[in-house]
Structure formats: C-alpha cells, structure tokens
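# Descriptive structure summary
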Amino acid sequence: MRSLRALQTSKLRTSILRRQKSTKSTTSAVSPATQSTKKLSPGIRFAIASSGAIITSSIYTRHQRASYLTDVPRADQSGVFFTGTKAADMERSTGGHHGEHSNTILTRDIHELDSIIERTGLMGKSVSKSVKEELLSISKWHQDRGFRGGVVLRELTSPLFSPQSTFSFLMEGGDDVDPIPIDQLSQRECYYLYYEIKPNAQSMHQIFCRGTTLFADVKTCLVSNLVYDDELGIRLHKGFRDHATRLVDDVEPLLGHRHNKRATVEVSGHSLGGAVAMIVAMKLKKRGYYVEKVTSIAGTRFCAFDDLEKANKLLPRDALRIEDDLDCVPFLPPWASSAGDKLWFTHDGSQIFGRPQTSVKYIPRSVYLQKQHQLSWTDNIYLNLRLPEALKEQNISHRIRSYRQKLSSLGTVEIEQERTDSRPQINK
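These numbers were taken from a predicted model, which means no experiment stands behind them.

## So, the state of the cysteines
A covalent bond between the sulfur atoms of two cysteines is what we call a disulfide. One pass over the structure, following the stated rule, counts zero disulfides. Here Cys209 stays free of any disulfide, with the sulfur of Cys190 as its closest cysteine sulfur at 6.9 Å.

Structure follows, in structure tokens:
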C-alpha cells in the first residue's frame, strides 16, 4: 500500500510539474508581447484614432467634393475657349485685342493656348551646355514652326541677380538668390523673350519664365513668407517677389516705350515661373506697359488672401491660371493665394485605359472675390488636395506634357461641338 501511494504521489507531482512548466513557457512566450502592448497601447490607440479620423474625413470630403463638382461649369460651355473657325471669327470681331478697357468678350484660342504652354516649357528641354546652344535650340524651334520674330536669351559674364563678391570669378550667369556655380551653367537663365514686329508696325513681346531647374530655384520657393511690396501695394511671396522684380528690371529695356498700346506684352510661366509671371505682369502693367495677357501653368500661390481683390485688379483682364487637381504644386504654399481666372483639370476617380479621366472646368476670378460664393471651395486645399492620388501622379501631372494632353481633351470637345453646329439643320 505504501508503495502504491508513493507511486501515485510521484505521478501527481510529475503532472503538477509538467503543468507548471507549460504555464511558465506560455507565460514567458506571451509576457514580452503583452508588456510591449501595454507600453505602446496609448500610442497605438492614438494612431488608430488619428487614422480613423483621417480616413473618415477623407471619405466625407471626397463625397462632398464629388457632389460639388457637378455644379462647376465646364470650360467648353463657358463661351471663353474656341478652336478653328470660331476662334478666327472671334479674333476678327475683337481685332485681336482684349485689354482691360476692351468691351469685347474675353476669348482664348485653344490651339494658341497649347502653343503658349509648349513654348513655356522650351527652356531646359534641350541638353545644351551653354546659353548660346540653348538660344539656338529655342530659335530653331520657332523658325521650324513659322514664327518670324527673334528670341533673346541673356548670356552674362557677371552675376545678374547677385552683387559682386570677392569670389565672383568662380561664378557666372545667375538665376536668383545666389550666383550660379560654373558647373551649373547649362540652365542659368530664368526667362527668354520672343519679339516680333508685325506689318502694321505693332510690336509684340512675349516673356516666358521657366520653372524650377536649379537648386537656387528651390531656395527661392522656400523663402515663402509674405512681405509688403511698395510698388504694388500688396503682400507677396518674398522669394517670387524678389525673383520677379529682378526679372522686370532686366527685361524692361527690351520692351520699348511705356504707355505705347502698339507695343503689347504677354507673359507666361510654369510652376515657379507661373507665380513669377503673374507678378511680372502686375509690375509691368503698373509701370505703364500694355500687358495684354498672362498665363500661369501649374503656378504656385504668390499673394496674401486679404490682397486677392487688389491682385486681380492689378492683373490684365486676360489672366489665366491652369491647374490640375492631381498636381500638388498649385496648392503651395497653403497660406497664400492665387489670382486670375482658373482653367481647372479635375478627376472624379474614373479611369480610361488605366489613366485618370479628366474633366475641364472654368472658374472666373470674380468667384474668389466672394467668400460666400458657391464655387469658392474650388481653391480650398482641404477639399481638393487628395494627397495619395496627387503623390502617385505628381511626377507626371506637373509636367508640361501632361497639361498639354489634358488641354487637348478640351480642344477635342470644342471641335466636335463645332462640327455638330456646322451640320445642316433639318426642319421637322
């Protein structure tokens, strides 16, 4: 009996020890994870709550934006953009002038607008290693397409936009804040000028401002505090204001006499150059030059919200900014604003052949002067900046080529409409 009891006791002890070992092993395996979970639980909870709030907000704003987009007028129904015979008829009826004192309807030829966009992107497009090669490349492009005027591209032997320094012999050319190192001379200029004298003795000057190319351009964008400009009487992005002022001082001697309406000026720019083009147009107009039109392609924001009304009055009557809602750049910096009429490429999420389907909208500048206007949301970052899609498409959507392709959809719609209108009507 004693031996039987001892055997049962030993078995019981063995069973208890096994259970304890298994419990310890389970505890030792779970314990670190449990402890780490307990330590990170506040952060995890905050991350989950934040992600949920962002996702919920994103879903809500996307749904709200989709319902709002239906109320934004389409560009092909605005009565502003035409092609082919319609554009020629409108040009003849207006005499080619759309100045601020003109009573004619403001119109834009889509083919001409496409040409302006393409010409704005010519700087930096070639692989030229000097200003002379760049000039020859741009001149040849114009000659091959029937342009009869001349092209001016500065070739400098000393910094244009920076004071002389002890080490100036190591620098040449210039783009903005600092002199440009010699190893960056391939794209040292920030604009080129096309000029043409027409048979009626009227002269036309077109200024094309390039986008961000050099590191100095990035520095220009980063100097984004708003400062008061004495000449214009409004607050402007400091980097763009300084850039534009130096450009105006350089190009002014090439434009002829002030207050001469037979000598017209047009300005256009891309990205950084789009914001600079707007400020250049305002400054030249303020100094008495007859600025006929200004076009900003994917231009950044450049003026204070409170000065938006003054900025629109300082711009010429034909001031157009072209923006894409899949391009982040026109939303920057978020504490500034843009002026002018808006040609807007929008996307509702649908796709054609794997690419976002584009709808072209048009919003006149008067909308943004009314804070309670039903379309003022179209410049609202919160409703329009869809960051995941924008970051995915940014490398494509910000390029000149992308803007031209999306503008072509407007041209196709207008051409089809023109063909429909020209068909003989059958009286029923």
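## Examining the packing of aromatic side chains
The tally for this structure, following the rule as stated, stands at six aromatic pairs. Their ring planes at 80° and their centres at 5.6 Å tell us that Phe147 and Tyr194 sit as a pair that is edge-to-face. Within this pair, whereas Phe147 is found in the loop between helix 4 (131–144) and strand 3 (150–152), its partner Tyr194 is found in strand 6 (residues 191–197), the two being separated by 47 residues in sequence. Owing to a relative accessible area of 0%, Tyr194 belongs among the buried residues under this scheme. Pairing Phe345 with Tyr403 gives two aromatic rings, centres 5.8 Å apart and planes at 50°, and the pair type is tilted. Linking Phe345 in strand 13 (residues 341–346) with Tyr403 in helix 11 (residues 400–422), this pair joins segments that are 58 residues apart in sequence. A residue is classified by how much of its surface remains accessible, and Phe345, at 0% relative accessible area, is buried. Look at Tyr403 and you get buried, because its relative accessible area is 1%.

## As for the environment of Glu252
Along the chain, Glu252 falls in the loop between helix 6 (238–251) and strand 10 (263–270). The exposure class assigned to Glu252 is buried, which follows from its relative accessible area of 11%. A sequence separation of 32 residues divides Glu252 from Leu284, and the C-alpha atoms of the two residues are 8.2 Å apart. With sequence-adjacent residues up to four places away left out, Glu252 is seen in contact with Arg258, Arg287 and Tyr289. For Glu252, the side chain forms a polar contact with the side chain of Tyr289, separated by 3.1 Å.

## Some details on the pairing of strand 7 (residues 203–209)
A regular strand places its side chains so that they alternate between the two faces of the sheet. Here strand 7 lies mainly inside the structure; seven of its seven residues are buried. Residues Ser203, His205, Ile207 and Cys209 line one face of strand 7 and the alternating positions Met204, Gln206 and Phe208 line the opposite face, and both faces are buried. Across seven bridges, the pairing between strand 6 and strand 7 is antiparallel. Bridging from a neighbouring strand, Leu193 pairs with Ile207 of strand 7. In textbook terms, the turn of a hairpin is the stretch between consecutive antiparallel strands, and for strand 6 and strand 7 this stretch comprises five residues, one of which, Ala201, has a positive phi near 75°.

## Notes on the nonpolar core
Ile207, Leu247, Val267, Met282, Leu284 and Phe302 are the most contacted members of the largest nonpolar core, which totals 46 residues. Of all the elements in the fold, those that place two or more residues in this core are strand 6, strand 7, strand 9 (234–237), helix 6, strand 10, helix 7 (272–286), strand 11 (290–297) and helix 8 (308–314). For this core, the leading source of residues is helix 7, giving 10 residues. Core analysis: the next-biggest nonpolar cluster, separate from the first, contains 18 residues, Leu113, Ile297, Ala298 and Tyr362 among them.

## Some points on a nonpolar patch on the surface
On the surface, Phe215, Val218 and Leu222 cluster together into a nonpolar patch covering about 330 Å² of accessible area. Here Leu222 shows up in helix 5 (residues 215–222). By relative accessible area, which is 66% here, Leu222 ends up exposed.

Cut-offs applied
- Residues numbered from 1 in each chain as written.
- Predicted model: local features only at pLDDT ≥ 70, side-chain atom pairs only at ≥ 80, totals over all residues.
- Heavy atoms only, no water.
- Disulfide = S-S within 2.5 Å.
- Phe/Tyr/Trp six-rings, centres within 6.5 Å; stacked < 30°, edge-to-face > 60°.
- Helix = DSSP H or I, 4+ residues; strand = E, 2+ residues; numbered from the N terminus.
- Buried < 20%, exposed > 50% of the residue type's maximum accessible area, 1.4 Å probe, protein only.
- Contact = heavy atoms within 4.5 Å.
- Polar contact = N/O pair within 3.5 Å; in protein donor to acceptor, adjacent residues only side chain to side chain.
- Pairing = 2+ DSSP bridges.
- Core = buried A, V, L, I, M, F, W, Y, C linked by side-chain atoms within 4.5 Å.
- Patch = residues over 30% accessible without salt bridge, like charges linked within 9 Å, V, L, I, M, F, W, Y side chains within 5 Å.
- Areas by Shrake-Rupley, 256 points an atom, 1.4 Å probe, with all protein chains shown as cover.
- Salt bridge = Lys/Arg side-chain N within 4 Å of Asp/Glu carboxyl O.

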